[in-house]
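Results of the structural survey
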Amino acid sequence: MQGVLHGFFGGALGFAKAHLLQPALGVVLVFGGKAVAVLALDFAAEVVVGYRGE
């Protein structure tokens, strides 16, 4: 019985990973990449402005 449950949950997890997690990870990576780029540009702009100000 445990083997059947293990197989079922393993299959369900594999299905979820393939069909839900990968697209979600893709979205997270795109948004995360954009956020990091914006933060990096913002930081660089502040450094440049601060450097000029001194």
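Up top is the structure these notes are about.
**Observations concerning the overall build of the protein chain**
Counting its secondary structure elements, the protein chain contains 1 helix and 0 strands. Principal-axis analysis of the C-alpha atoms gives the protein chain an extent of 75 × 15 × 5 Å. Within the protein chain, the fraction of its 54 residues that count as buried is 0%. Total accessible area on the protein chain stands at roughly 5000 Å², and carbon and sulfur atoms take up 77% of it.

**Details of the packing of aromatic side chains**
Overall, the coordinates contain 1 aromatic pair when judged by the stated rule. On the numbers, 5.6 Å between centres and 75 degrees between planes, the contact of Phe8 with Phe9 is edge-to-face.

**Remarks on a nonpolar patch on the surface**
Taken together, the side chains of Met1, Leu5, Phe8 and Phe9 define a hydrophobic patch exposed on the protein surface, amounting to about 510 Å² of accessible area. Assignment of secondary structure puts Phe9 in helix α1 (residues 2-53).

Calculation rules
- Residues numbered from 1 in each chain as written.
- Predicted model: local features only at pLDDT ≥ 70, side-chain atom pairs only at ≥ 80, totals over all residues.
- Heavy atoms only, no water.
- Helix = DSSP H or I, 4+ residues; strand = E, 2+ residues; numbered from the N terminus.
- Buried < 20%, exposed > 50% of the residue type's maximum accessible area, 1.4 Å probe, protein only.
- Areas by Shrake-Rupley, 256 points an atom, 1.4 Å probe, with all protein chains shown as cover.
- Phe/Tyr/Trp six-rings, centres within 6.5 Å; stacked < 30°, edge-to-face > 60°.
- Patch = residues over 30% accessible without salt bridge, like charges linked within 9 Å, V, L, I, M, F, W, Y side chains within 5 Å.
- Salt bridge = Lys/Arg side-chain N within 4 Å of Asp/Glu carboxyl O.

Limitation: the analysis is restricted to geometry and does not speak to function.
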